[in-house]
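Survey of secondary and tertiary structure
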Amino acid sequence: MMMLELPEIVGRYARGLFPMEDGWYAADPRAVFSLEPSAVARVRRKLRRSLREGEAWSFAVDRDFTSVIAACARPRSPSDGVWLQPWIADQYELLHGAGLAHTFEIWSDGELAAGMIAVTIGRAAFLESMFHTVPHAGNVLLARTLESLAAAGCELCDIQTPTDHTMRLGAVQVPREEFERRLASALGVS
């Protein structure tokens, strides 16, 4: 894939597209987490065991952007492919330089235990990829990330496509038309 300029990358996100290994896609339906206080509290209740396990862990934003990108680009097992291709990592670096891509991280005993890449534009957050190396760290990271996004005033938390785990935690699928309406609102577009 050819590297895009920053305005084109932002424009694609604003149209509801997201990068995959061989291009840009628009899922229908789209999976999202609500950032309403009651929904974030529900996620915390569902993850209370993980949160107890991770009480001593620290949450950080952009502490080690490069390491999170590298970890998310590794296959999870020898038979897995890698969706986060170098051209996508380059785009995240460009977005990060513009203040639009961030990593949310969980640290345990000075080591990176979990990390997530997110693109934030206006009041919309696009959670792109996540990894964890310590049990419960991914769950703690998700809960703390949702809290952080809600506290920052985000109103849309897009996860593109659901997993069984994210659905159990409260992610919902919305039709493309509704997603586009929510996205326009989060971006301040009439």
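Let me begin by describing the structure that accompanies this report. (Residues numbered from 1 in each chain as written. Predicted model: local features only at pLDDT ≥ 70, side-chain atom pairs only at ≥ 80, totals over all residues. Heavy atoms only, no water.)

On to the packing of aromatic side chains. A full pass over the atoms with the stated rule returns 4 aromatic pairs. Ring geometry for Tyr13 versus Phe126: centroids 5.1 Å apart, planes at 55 degrees, classification tilted. Remark: Phe126 occurs in strand β7 (residues 124-132) and Tyr13 occurs in helix α1 (residues 6-14); sequence separation between them is 113 residues. With relative accessibility at 0%, the residue Phe126 sits in the buried group. In this structure an aromatic cluster arises from ring pairing among Tyr13, Trp24, Trp87 and Phe126. Cation over ring: Arg63 sits above Trp107, and NZ or CZ is 3.7 Å from the ring centre. (Phe/Tyr/Trp six-rings, centres within 6.5 Å; stacked < 30°, edge-to-face > 60°. Helix = DSSP H or I, 4+ residues; strand = E, 2+ residues; numbered from the N terminus. Buried < 20%, exposed > 50% of the residue type's maximum accessible area, 1.4 Å probe, protein only. Lys NZ or Arg CZ within 6 Å of the ring centre and 35° of its normal.)

Here the structure, examined in full by the defined rule, presents 8 salt bridges. Glu8 is the partner of Arg15 in a salt bridge, and the nearest nitrogen-oxygen pair spans 3.7 Å. Taking relative accessible area as the criterion, Arg15 reaches 46% and is therefore assigned partly exposed. (Salt bridge = Lys/Arg side-chain N within 4 Å of Asp/Glu carboxyl O.)

Counting 33 residues, the largest nonpolar core has Tyr13, Tyr92, Leu95 and Val119 as its most contacted members. Contributions of two or more residues to this core are made by α1, α4 (65-72), α5 (86-97), β5 (101-108), β6 (111-121), β7 and α8 (176-187). Not counting the four nearest positions on each side in its chain, Val119 is found in contact with Tyr13, Tyr92, Leu95, Leu100, Ala101, Ala124, Ala125, Phe126 and Glu128. In terms of nonpolar packing, the next biggest core, distinct from the first, is built from 28 residues, Leu35, Ala118, Leu141 and Ala143 among them. (Core = buried A, V, L, I, M, F, W, Y, C linked by side-chain atoms within 4.5 Å. Contact = heavy atoms within 4.5 Å.)

These figures come from the coordinates and say nothing about function on their own.
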